[in-house]
Amino acid sequence: MLEEALATVLRREVPLTVAGRTDRGVHALGQVASHPGEPAPTRSLNGVLPDDVAVLESEQAADAFDARRDAVSRTYRYRVLLRSAPSPFERGRALWWPRPVDRSALAACAAALGGSHDFTAFTPTDGSHVHFHRQVLRAEWVDEGEDVFVFVIEADAFMRNMVRVLIGTMLSGVEPDAFGRLLKGRPRSEAGATAPAHGLYLESVRY
């Protein structure tokens, strides 16, 4: 989509590198992309992009800059609507969860994520990953307004479906001690279900 827009504006094929890959249905608030050559004007790109995609800035970077390899960390957030009735305004933007949750247990699970862990249990078994250790710099649950509870996590890198499986596991009611054991390279079958994509956001990328 963005590659096509760049090709239209710059009148040439443009190979694009993005900082974070997102599954279909996942939102990106702060995606970063890089490509060789001169930058395209922001206004021109937005003029040919669909309404659900917008370029915020387009500027020259260092010749060797690579949006993916040069990233120091990425931050994701997952939004959960905690109330008995669904919200038409949050449809497609937050996971509706009408069941009770133990906020103290969720906070304890998030606290256990800090540091380096083996996330084998939190990525599909048919994935292409070879290394399963990731360094988590920050993980917490925070309130957003009255009904939305948000999980925020920053790490050096993420694996396929990693945040969504973390969410599915925590919302399953897992005890914090059991959750901590999953961070020691346990098999995928011991963790919870993969949460839907529409609650997940790539929030920012740090360089």
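Now for a description of the structure that goes with this document. (Residues numbered from 1 in each chain as written. Predicted model: local features only at pLDDT ≥ 70, side-chain atom pairs only at ≥ 80, totals over all residues. Heavy atoms only, no water.)

## Quick look at the overall build of the chain
Line of reasoning, step 1. The helix and strand tally for the chain stands at five helices and nine strands.
Line of reasoning, step 2. Listed by position from the N terminus, the elements making up the chain come as α-β-β-β-α-β-β-α-β-β-β-α-α-β.
Line of reasoning, step 3. Relative to a compact globule of 207 residues, whose C-alpha radius of gyration would be 17 Å, the chain shows 19 Å and is just as compact.
Line of reasoning, step 4. Overall size of the chain, expressed as C-alpha extent along the three principal axes, is 55 × 40 × 25 Å.
Line of reasoning, step 5. Here the chain holds 207 residues, and 40% of them are scored as buried.
Line of reasoning, step 6. Within the chain, counting contacts between residues at least 6 apart in sequence, those at least 24 apart form 66% of the total. (Helix = DSSP H or I, 4+ residues; strand = E, 2+ residues; numbered from the N terminus. Rg over C-alpha atoms; globule rule 2.2 N^0.38 Å. Buried < 20%, exposed > 50% of the residue type's maximum accessible area, 1.4 Å probe, protein only. Contact = heavy atoms within 4.5 Å.)

## Things to note about the pairing of strand S9 (residues 200-206)
Line of reasoning, step 1. Of the strand pairs in this sheet, strand S2 (residues 27-28) and S9 are connected by two bridges, and their pairing is parallel. Bridge pairing in S9 links His27 to Tyr201.
Line of reasoning, step 2. Examined bridge by bridge, strand S4 (residues 73-81) and S9 share six bridges and lie antiparallel to one another. Within S9, the position partnered with Ser73 by the bridge is Arg206. (Pairing = 2+ DSSP bridges.)

## Examining the pattern of salt bridges
Line of reasoning, step 1. In the structure shown here, the tally under the stated rule is 14 salt bridges.
Line of reasoning, step 2. Across the pair Arg138 and Glu140 runs a salt bridge whose closest N-O atoms are separated by 3.4 Å.
Line of reasoning, step 3. A residue is classified by how much of its surface remains accessible, and Arg138, at 33% relative accessible area, is partly exposed.
Line of reasoning, step 4. Assessed through its relative accessible area of 32%, Glu140 is described here as partly exposed.
Line of reasoning, step 5. The shortest N-O distance in the salt bridge between Arg138 and Glu154 comes to 3.8 Å. Here Glu154 lies in strand S8 (residues 148-155) and Arg138 lies in strand S7 (residues 133-144), a separation of 16 residues in the sequence.
Line of reasoning, step 6. Within the structure, one salt-bridge network assembled from shared partners comprises Arg77, Arg79, Glu90, Glu144 and Glu203. (Salt bridge = Lys/Arg side-chain N within 4 Å of Asp/Glu carboxyl O.)

## Considerations on the pairing of S4
Line of reasoning, step 1. Among the nine residues in S4, nine count as buried, and that is most of the element.
Line of reasoning, step 2. Where burial is concerned, the two faces of S4 agree: the one with Ser73, Thr75, Arg77, Arg79 and Leu81 and the one with Arg74, Tyr76, Tyr78 and Val80 are both buried.
Line of reasoning, step 3. Relative to S8, S4 is paired through eight bridges, and the arrangement is antiparallel. Looking at the pairing, Leu81 lines up with Val148 of S8.
Line of reasoning, step 4. In this sheet, strand S5 (residues 95-96) lies alongside S4 in parallel orientation, the contact comprising two bridges. Within S5, the position partnered with Leu81 by the bridge is Trp96.

## So, the environment of Ala108
Line of reasoning, step 1. Here Ala108 is to be found in helix H3 (residues 103-112).
Line of reasoning, step 2. The spatial distance from the C-alpha of Ala108 to the C-alpha of Trp141 is 9.7 Å, given a sequence separation of 33 residues.

## Regarding the layout of surface pockets
Line of reasoning, step 1. Here the largest pocket is characterised by a volume of approximately 1,600 Å³.
Line of reasoning, step 2. Residue lining of the largest pocket: 43 residues in total, with Leu2, Gln31, Val32, Ala33 and Val55 positioned closest to the centre.
Line of reasoning, step 3. Contributing elements (two or more residues each) for the lining of the largest pocket: helix H1 (2-10), S2 and strand S3 (33-34).
Line of reasoning, step 4. By residue number, the principal contributor to the lining of the largest pocket is H1, which donates three residues.
Line of reasoning, step 5. Along the lines of polarity and charge, the residues of the lining of the largest pocket split into 22 nonpolar, 11 polar and 10 charged.
Line of reasoning, step 6. For the second largest pocket, the calculated volume is near 590 Å³.
Line of reasoning, step 7. In this structure, the second largest pocket is lined by 24 residues; those nearest its centre are Arg21, His129, Phe158, Met159 and Arg160. (1 Å grid on protein atoms, 1.4 Å probe; cavity = no way out; pocket = protein on both sides within 12 Å on 5 of 7 lines; lining within 4 Å. Points joined across faces, edges and corners; volume = space filled by probe spheres on them. Nonpolar A, V, L, I, M, F, W, Y, C, P; charged D, E, K, R; others polar.)

Function cannot be inferred from these measures alone, as they are strictly geometric.
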